[in-house]
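# Breakdown of the fold
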Amino acid sequence: GEIHALLGENGAGKTTLMNILYGLYQQDEGEIIVRGQKIEIHSPSDAIKAGIGMVHQHFMLVPVFTVAENVMLGEESVLAGGVLNRSVASQKIRQISDQFNLQVNPDDYVKDLPVGVQQRVEIIKLLYREADILILDEPTAVLTPQEADELFKIMDSLTQRGKSIIFITHKLREVLDASDRITVIRRGKVIGSTLPAEADQNKLAEMMVGRAVQLEVDKTPAHPGEIVLRVQDLIVIDERHQVALDGVSFDVRAGEVLGIAGVQGNGQTELVEALTGLRTPQSGQVDLLGNDITHSSPRQISELGCAHVPEDRQLDGLVLPFPISDNLILNTYYQKPFTKGVVLDEQEILRHARE
């Protein structure tokens, strides 16, 4: 019946600890006690038997399966002859969805669902397996503020029905708003525990990093220079052949930060793709440093000095099996000093990474 927040910086050890509780890693020392009994957790199956379930920061769903197929995966209901009994799973999912106000259709394909609904599917997976202790790893990292507020209502609904939630995050406001108790972890050690009523953002930040933190940025006045990026009457069509950008125009000047605000799904993704050469606009014009880049390739745009940090770093920004040194040169590998003719200069690539 409690939401217990585990708060810490990136790399503090929060996810490692939860991966041990869920049986993905094994501890070297120490013990885990569930409902007064010491237990050994060697795999996620052991964790699920003990009533522990985990929603990972990066969802573990099969996009081309329906919600029902994803939820029953590994816990399949079958008819005679080994045929999947999807109707039994769908009925149970509807019951869980209604009971906890999760609003998910078991017949929808996961690939068609927004991120917030995909997260509900992950929660249903745990409830389907009758988990009482739910670990939510950075659950708001991929959500808009509105979706996060919906998640907090769901978390509250779960605890009212006796479920326990471990809420892993590094977002101070959310910890104070959503949790009943807070434990702060730093460099793999518990620094202390507190209650939301006895803490504020400054105290939590200091516990997280070990020193006083200034949470408000002292912004100096901007002194914008000449226009470096000009977007005029940009029209972009999305994958569903709908207009994602409808005559968008704006300028960006040297020495300024331009913010683009909007709820997910209102064209920001398509705008970035059009600006970085990943999507061809229907019409309109984009000028970068005086060059028309409307129909340029990503390489041509990056060579003009435009960089891109994508919204999904793992999918679009990084090659996860590659070392950091190779990831750092993914868009400059063909340039000197990283290449000798047609051969990569591994020593130079490593030197660059260390520097």
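For the structure, see preceding data.
Computed from a predicted model, the values in this text were never measured in an experiment.

### Remarks on helix α8 (residues 201–209)
Those residues of α8 lying buried are Leu-204, Ala-205, Met-207 and Met-208. The arc that holds every buried residue of α8, seen down its axis, measures 160 degrees, which confines them to one face. Those residues of α8 that are buried lie in contact with β1 (3–7), α7 (172–178), β7 (181–186) and β8 (189–194). Its side-chain oxygen placed 3.2 Å from the backbone nitrogen of Asn-202, Asp-200 serves as the N-cap of α8. Positive backbone phi, approximately 85 degrees, marks Gly-210, located one or two places after α8.

### What about the pattern of salt bridges?
All told, the structure shown has 17 salt bridges when counted by the stated rule. Arg-181 serves as the salt-bridge partner of Glu-2, at 2.9 Å between the closest nitrogen and oxygen. Of this pair, Glu-2 sits in the segment before β1 while Arg-181 sits in strand β7, and the two are 179 residues apart along the sequence. What makes Glu-2 partly exposed here is its relative accessible area of 27%.

### Some words on helix α5 (residues 115–128)
Counted at 1.5 Å a residue, the expected span for α5 with its 14 residues is 20 Å, and the 20 Å between its end C-alpha atoms agrees. Where α5 ends, the next residue or the one after it, Glu-130, has phi of about 60 degrees, a positive value.

### Quick word on the packing of α5 against helix α6 (residues 145–160)
Geometrically, a packed helix pair is captured by the angle between its two axes and the distance between the axes. Running from N to C, α5 and α6 cross one another at 15 degrees; their axes reach a closest spacing of 10 Å. In this view, α5 runs roughly parallel relative to α6, as classed from their interaxial angle. Seen from above, α5 lies across α6 with right-handed handedness. Contacts between α5 and α6 involve Gly-116, Gln-119, Arg-120, Ile-123 and Leu-127 on the former and, on the latter, Glu-147, Glu-150, Leu-151, Ile-154 and Leu-158. Of the residues assigned to the contact of α5 with α6, the class counts are five nonpolar, two polar and three charged.

### As for the pairing of β1
The buried count for β1 comes to five of five residues, which makes it a mostly enclosed element. Burial of the side chains of β1 extends over both faces: Ile-3, Ala-5 and Leu-7 are buried on one face and His-4 and Leu-6 on the other. Bridge count for β1 against strand β6 (residues 164–169) is five bridges, and the pairing is parallel. Its bridge partner lying in β6, Leu-6 is registered against Ile-168. When β1 meets β7, the two strands line up parallel, connected through four bridges. Across the sheet, Ala-5 pairs through a bridge with Ile-182, a residue of β7.

### Details of unusual backbone geometry
When glycine is set aside, most residues are seen to have a negative phi, and most peptide bonds are trans. Note that the residue after Lys-336, namely Pro-337, is joined by a cis bond; omega there is 10 degrees. Relative to the assigned elements, Pro-337 resides in the loop between α12 (324–327) and β13 (339–340). If you check the backbone angles, Glu-138 has positive phi at about 45 degrees while not being a glycine. Structurally, Glu-138 can be placed in the loop between β5 (133–137) and α6. Given the relative accessible area of 6%, Glu-138 is considered buried. In the Ramachandran plot, Arg-187 falls in the positive-phi region, its phi being about 50 degrees despite a non-glycine side chain. Mapped onto the secondary structure, Arg-187 falls in the loop between β7 and β8. A relative accessible area of 79% means that Arg-187 is categorised as exposed.

Criteria and thresholds
- Starting afresh in each chain, residues are numbered from 1 along the sequence in its written order.
- Local features in this predicted model are restricted to residues whose pLDDT is 70 or higher, and side-chain atom pairs enter the listing and the counts only when it is 80 or higher, whereas totals over whole chains, interfaces and linings include all residues.
- Values shown for side chains rest on all heavy atoms present in the structure; no hydrogens or waters enter the calculation.
- Throughout this description, buried means an accessible area under 20% of the type-specific maximum (1.4 Å probe, protein chains only), exposed means over 50%, and partly exposed covers the range between.
- Only DSSP runs of H or I reaching four residues or more are called helices, and only runs of E reaching two or more are called strands; each is numbered from the N terminus.
- Comment: arc refers to directions from the helix axis out to C-beta atoms.
- Every residue pair with non-hydrogen atoms within 4.5 Å of one another is taken to be in contact.
- Polar contact is defined as a pair of N or O atoms within 3.5 Å, subject to the rule that within protein one atom must be able to donate a hydrogen and the other to accept it, and that residues adjacent in sequence are counted only when both atoms are side-chain atoms.
- Should a side-chain nitrogen of Lys or Arg be within 4 Å of a carboxyl oxygen of Asp or Glu, the pair is scored as a salt bridge.
- To estimate how far a helix should extend, the number of its residues minus one is multiplied by 1.5 Å.
- For helices, the fitted line uses only the C-alpha atoms of the stretch in contact; every axis is such a line through C-alpha atoms, and the angle between N-to-C directions lies from 0 to 180 degrees.
- For classification purposes, an angle smaller than 35 degrees is called roughly parallel, one larger than 145 roughly antiparallel, one from 65 to 115 roughly perpendicular, and anything else oblique.
- The crossing is said to be left-handed when, going from far helix to near helix, the turn is anticlockwise and less than a right angle, and right-handed when the turn is clockwise.
- Residue polarity is assigned by list, with Asp, Glu, Lys and Arg as charged and Ala, Val, Leu, Ile, Met, Phe, Trp, Tyr, Cys and Pro as nonpolar; anything else, Gly included, falls into the polar class.
- Strands are treated as partners if at least two bridges between them are detected by DSSP.

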